[in-house]
Every structure is written in structure tokens, then in C-alpha cells.
Amino acid sequence: MLVGVATAWVVVAGIGPAIFHVHMMGMGGSGADSTVHAEEAFRTASMLSLAVALIAALAASVGVSLFLSRRITRSLAPVTEAAGRVADGDYTARIPAVGLGSEFDDLTSAFNSMASDLGRIEATRTRMLGDLAHEMRTPITTIGAYLEAIADGVQEADPATLTMLGDQVTRLARLSEDVAIVTTAEEGRLTMHRRRLPVAQVVADAVAQATAQYAAQNVTLTVTMSGDARDAAVSGDSDRIGQVLTNLLDNAVRHTPSGCEVVLSAAVVGSRAVIAVSDEGDGIPADHIAHVFERFYRVDASRDRAHGGSGVGLAIAKSITEAHCGSIRAESAGVGQGASFIVEFPLLRHER
């Protein structure tokens, strides 16, 4: 503002009188006195009017600047307060709409979304730590009790006892491995060796691995595959994608009563290979569907690890699927009406 005022003043004072003098001479004025008086009048009028205009403009600019700065300051105060509350761990803090334009609206929306996500992540972290402690408590307690009994001579270290202790150690090792896999996958550090994988081969390998478990549970595993799927292929790590289907099939058989059926289907929809695992089991309540892929989440909280798995199988399946640029979702008509888990992978470019 000051530079603009000084520049305007210098320019007007420097060229205004000269231009006026030229015009006066062009009018044929003969009297030198009249020309001097006219130039003096122009100089006085122009300087006075310019000074008044610049002072008025300066006052108006200062007034507007003060008004806007105070309004912005008042609008930023709730942002500062909310940010401090979030920093202190209160993730319920929200910023009200301030009505200062789209930029402030975007800031408000982004902050509120961030606070909501942080609250959800913190709740998930807290629940995960609690669930992890719960999962580890049983095998550790069992191992500790038997070791103490052996040390006291109450229990002999016979083959049966050693086998049971080995099973508990294996249980802990499997839990540790499951948590490590899902954490690595979510952080994008999962090692994969991609190659061309025929969809038919992926399905056949998953069925071969699950056949014994399904036979032991007296659950029928049926495979359906469209003609397009038989010739389709995806790009991915065979072990990782196999782990996705294995986890889904394992989840299905654990929730399906004896004598019922699980269907593994494969088809091509547009540019994606769609593989679904559908069961006739427990089903999923509508309010639980959005959470089934979270770590340690169980629809039935009463199910322990022996009957309900580690609680990270579906989280692993989701992380691996997304690492392959795919997607996974769950569908269920309700409790007791079975559930379907649908996985989609992009086809190779030279496929359909």
C-alpha cells in the first residue's frame, strides 16, 4: 500500500503539470501570467485531490484489513482450540462451519475428517491391544501353569504334556506371524513375487489345500467357474493370493454347520476376475459387516481363538488383496442366512 501511494504521488507530480502545460500551449494561450496561474491551479487541485483520494483509500484499506483480519482471527480460534484438544487426545473435537469461503470450508472438513479418523484409529488400537493381550493370555497361562507343575514335581514331562506345550507355543507363533503379516501388508512392505496366475489354477490350489479340512468338518465344498474365468489370468504372488482364498475358505468352514455347503465360484466381470466364497452358516448382522475386516474383530465376541480363529485372517485377506490392486467385500442377508466374501482382482492387460 505504501509503495503504491508513493509511486502514484511521484508519477502525478512529475508528469501531470508537464502534460497540462503542453495542452495549454496548444490552446494558443498568449499570456505568460495566465499560463502560470493555470498551471498553479492544476498543481494545487491535482495534488489536493490526489492526497484526499489516497488518504481515503488508505483509511478504507486499513478498515477492511482490520475487519477481515479480526474475522479470520475469530474464525481460526476454534481451529486452534480443536487442534489443542486433539493433541491432548480428545478426538471428539470438531470445528464448526465459519462461512469464510470454500478454502475455510475445505479446512474445516479436512480437520473434522482427520479427528474422526484419529479417533477411530485410536479406538481400533486400544481394542487391538486388548484383544492381543487376551489372545496371548490363555497359551501363556497354560504354559506357565504346566511348567510350574513340572518344576514342583506335580506334573511329569511326559510326551503328552510336551505335545500340549508345543501346541501352545505353536499357537503363539501363529498369532505372532498373523499380526506381523497384516501389519506388514498394511504398511505396504509385503514382499511379493508377481507372475501370471491363471484364475483356474488359483482356485484349484485353494480347493486342494482345503479339501481335508472340509472333509473333517463334513462340509461340502463346491466349485463353480464360468467359461471366461477358465481362460482368465491375473498378476500376483501365488502364495499371497492363495493365502487370501485359504483364509476365506477357513473362515467359511468354521461358521458352517456340519452337512451344509460352501460354494467357491469364479467369474470375469468386465476387466476384473471375481472370486466368491459363499456359505450357509451363521451369517453376519448388518451392523457388523463394515467391521469384519478389522484386526481381531469377531462378530461373536464369545468365540475364542480355538473356535473363532485369531481374528486377523480377514484383515490379512483384505491387506493382501489391496496390495494386488484388488478389492474385497462381505455380504450377508442376516444372522443364520450365510455370508459371501467377494474378492476382485484386475485381469492382465492382454486378457479381456
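From a predicted model like this one, the values you see are computed outputs, not experimental measurements. (Residues numbered from 1 in each chain as written. Predicted model: local features only at pLDDT ≥ 70, side-chain atom pairs only at ≥ 80, totals over all residues. Heavy atoms only, no water.)

1. Re the sheet that holds strand 7 (residues 340-346)
Within a sheet, adjacent strands bond to each other through the backbone by hydrogen bonds, running parallel or antiparallel. A sheet is described by the order of its strands in space; here 5 strands give the open sequence 2-4-5-7-6, paired in mixed fashion. Either end of the sheet is taken by a strand with one partner, and the two such strands are strand 2 (220-225) and strand 6 (327-331). Adjacent strand axes in the sheet meet at a mean angle of 15 degrees when their direction is disregarded. (Pairing = 2+ DSSP bridges. Helix = DSSP H or I, 4+ residues; strand = E, 2+ residues; numbered from the N terminus. Axes fitted to C-alpha atoms, helices over the stretch in contact; angles between N-to-C directions.)

2. Focus on the confidence of the model for the chain
Here the chain averages 80 in pLDDT, while 80% of its residues score no lower than 70. The spread of mean pLDDT over the elements of the chain runs between helix 8 (residues 305-308), the lowest at 46, and strand 7, the highest at 94. With pLDDT under 50 throughout, residues 301-308 is counted as low confidence; its partners more than four residues away or in other chains account for 17 contacts. (pLDDT = per-residue confidence, 0-100. Contact = heavy atoms within 4.5 Å.)

3. A few points about the nonpolar core
Judged by nonpolar contacts, the single largest core of 45 residues is most densely connected at Val199, Val203, Tyr214, Val234, Leu248, Leu249 and Phe341. With residues up to four places along the chain from it excluded, the contact list for Val234 reads Arg195, Arg196, Leu197, Val199, Ile241, Ala273, Phe345, Pro346, Leu347 and Leu348. Counting residues in hydrophobic clusters, the runner-up holds 7 residues, among them Val86, Ala93, Ile95 and Ala115. (Core = buried A, V, L, I, M, F, W, Y, C linked by side-chain atoms within 4.5 Å. Buried < 20%, exposed > 50% of the residue type's maximum accessible area, 1.4 Å probe, protein only.)

4. Considerations on the pattern of salt bridges
Inspection of the entire model under this criterion finds 6 salt bridges. Asp90 is the partner of Arg85 in a salt bridge, and the nearest nitrogen-oxygen pair spans 2.9 Å. One salt bridge connects Asp250 with Arg254, and the closest N-O pair in it is separated by 3.0 Å. Pair noted here: Asp250 and Arg254 are both in helix 7 (residues 238-254), with a separation of 4 residues, about one helical turn. Given the relative accessible area of 26%, Asp250 is considered partly exposed. With relative accessibility at 25%, the residue Arg254 sits in the partly exposed group. Connected through salt bridges with shared partners, the residues Arg272, Arg329, Glu331 and Glu344 form a single ionic network. (Salt bridge = Lys/Arg side-chain N within 4 Å of Asp/Glu carboxyl O.)

5. Things to note about unusual backbone geometry
Non-glycine residue Asn218 carries a positive phi angle of around 55 degrees. Relative to the helices and strands, Asn218 resides in the loop between helix 5 (199-216) and strand 2. Non-glycine residue Cys325 carries a positive phi angle of around 60 degrees. Tracing the backbone shows Cys325 in the loop between helix 9 (313-323) and strand 6.

6. Things to note about the packing of helix 7 against helix 9
Helix 9 packs onto helix 7 with a crossing angle of 150 degrees between their chain directions and a minimal axis gap of 9 Å. If you check the angle between helix 7 and helix 9, you find them roughly antiparallel. For the pair helix 7 and helix 9, the crossing hand works out as left-handed. Seen from helix 7, the contacting residues are Arg240, Ile241, Gln243, Val244, Asn247, Leu248 and Asn251; seen from helix 9, they are Gly313, Leu314, Ile316, Ala317, Ile320 and Thr321. (Parallel < 35°, antiparallel > 145°, perpendicular 65-115°, else oblique. Left-handed = near helix turned anticlockwise from the far one by under 90°.)

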